[in-house]
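Architecture and fold: a report
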Amino acid sequence: MIRARLLVGLLAAGLFLLLLGPLRAFAQRRGWRTGRGAAPWFQRLACAALGVTVVVHGRPAAGARLIVANHVSWLDVPVLGSIEPMTFLAKKEVGAPALGGRLARLQGIIFVDRGRRRCIPAVNAEMARTMAAGEPVVLFAEATTSDGNRILPFRSSHFEAIRAAARTAGATVIQPVFLDYSRAVGLPVGRRDRPLFAWYGDTTFMPHFKRFVAIGPTRCDVHYGPPIAVSAGTGRKVLARWTEAQVRALAGAARAGNWPILADAGSS
């Protein structure tokens, strides 16, 4: 069964690249939005092949938007990408593997070299343009993955992008999101089990991939929190603190079974 699912995933990747890849790549080079809806369908096939059921709580906001989520694993990209068209901010190393890099680019991705801080203004400008054009951008503000049990402090550098978008697009928001790999083979996932899903530390991809596939069917709950209104005058560090507080609140409520959170988020 597992091998069959993985075979379907590989076939889906191949068909996506063969049939829709050239059209999507051409549209991206021309700045067109044609083919945006293809990526979520591909990610849904990928999730099905991996045995991941995605359950969404809350709903995406409208308008120019920065999605800020906790970061657990490479699985976060297909999980989030299966919900709606979106562009991800990612380390430049993600674009290196032949197949993985092509898929990442077709999904919609902005690369950042975390070793060169001088590139951050240019990256933020590209993020702002993308959001102003109507495409949400995903920021994993921890800048690395964790063991799944904790949320690391948020870095504020790329919150400058949503401030820049606010100057050109008007109404802009940050949408906090909490990813919770909550069940495996129908059973609740507890504190001791979460590191099985997390890809962190020195773990390389293939050992983690094999370990994850061996777990069996998995459920990931995606909790969309109330959007945080942004103005160009709100400092990036303030926005980072507000957003981190909201993601932590989402995590606490989700794990306590107190969803949805109806309290207002911070606003400018």
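My aim in this report is to walk through the structure given alongside it, one point at a time. (Residues numbered from 1 in each chain as written. Predicted model: local features only at pLDDT ≥ 70, side-chain atom pairs only at ≥ 80, totals over all residues. Heavy atoms only, no water.)

A separate point is the environment of Ala169. Take Ala169: it is sitting in helix α6 (residues 160–169). Given the relative accessible area of 34%, Ala169 is considered partly exposed. Those residues in contact with Ala169 that sit more than four places away from it in its chain are Ala64 and Ala132. (Helix = DSSP H or I, 4+ residues; strand = E, 2+ residues; numbered from the N terminus. Buried < 20%, exposed > 50% of the residue type's maximum accessible area, 1.4 Å probe, protein only. Contact = heavy atoms within 4.5 Å.)

On to the pattern of salt bridges. All chains considered together, the criterion is met by 5 salt bridges. In this structure, Arg150 and Asp147 form a salt bridge, with 3.8 Å as the shortest nitrogen-oxygen distance. Exposure remark for Asp147: the relative accessible area of 17% places this residue in the buried category. For the salt bridge of Arg219 with Asp221, the shortest nitrogen-to-oxygen distance reads 2.8 Å. (Salt bridge = Lys/Arg side-chain N within 4 Å of Asp/Glu carboxyl O.)

Structurally, Thr87 can be placed in strand β3 (residues 87–91). Looking at Thr87, its side chain comes within polar contact range of the side chain of Glu135, at 3.4 Å. Beyond its immediate sequence surroundings of up to four residues, Thr87 is in contact with Gly108, Ile109, Ile110, Thr130, Glu135, Pro136, Val137 and Val138. (Polar contact = N/O pair within 3.5 Å; in protein donor to acceptor, adjacent residues only side chain to side chain.)

Next up on the list: the packing of aromatic side chains. Under the definition given, this model contains 8 aromatic pairs. Here the aromatic rings of Trp74 and Phe212 are separated by 6.1 Å at their centres, their planes lie at 85°, and the arrangement is edge-to-face. In this pair, Trp74 sits in the loop between β2 (64–69) and α3 (76–81) while Phe212 sits in helix α7 (residues 205–215), placing the two residues 138 residues apart along the sequence. The same class applies to Trp74 and to Phe212, which are both buried. Centroid distance Phe197 to Phe212: 6.3 Å. Interplanar angle 65°. Geometry classified as edge-to-face. (Phe/Tyr/Trp six-rings, centres within 6.5 Å; stacked < 30°, edge-to-face > 60°.)

With that settled, consider α6. Note on helix geometry: an α-helix contains 3.6 residues per turn, so any two residues three or four positions apart are oriented the same way. Inspection of α6 places Ala161, Ile162, Arg163, Ala164, Ala165 and Ala166 among the buried residues, and these make up the whole buried set. Its buried side turned inward, α6 meets β2, α5 (120–132), β6 (172–184), β9 (228–230) and α8 (236–256). Positive backbone phi, at 80°, marks Gly170, one or two positions downstream of α6.

Further remarks concern the environment of Val54. Counting through the fold element by element, Val54 comes out in strand β1 (residues 52–57). Exposure remark for Val54: the relative accessible area of 25% places this residue in the partly exposed category. Sequence separation between Val54 and Ser82 is 28 residues; the distance between their C-alpha atoms is 8.2 Å. If we ignore the near neighbours within four places in the chain, the residues touching Val54 are Cys47, Val79, Ser82, Ile83, Cys220 and Val222.

With that settled, the discussion passes to the packing of α5 against α6. Put simply, α5 and α6 touch, their axes get as near as 8 Å, and they point 45° apart. Put simply, α5 runs oblique to α6. Here α5 and α6 pass one another in a crossing that is right-handed. Within the contact between the two elements, α5 uses Asn124, Met127, Ala128, Met131 and Ala132 and α6 uses Glu160, Ala161, Ile162, Ala164, Ala165, Thr168 and Ala169. (Axes fitted to C-alpha atoms, helices over the stretch in contact; angles between N-to-C directions. Parallel < 35°, antiparallel > 145°, perpendicular 65-115°, else oblique. Left-handed = near helix turned anticlockwise from the far one by under 90°.)

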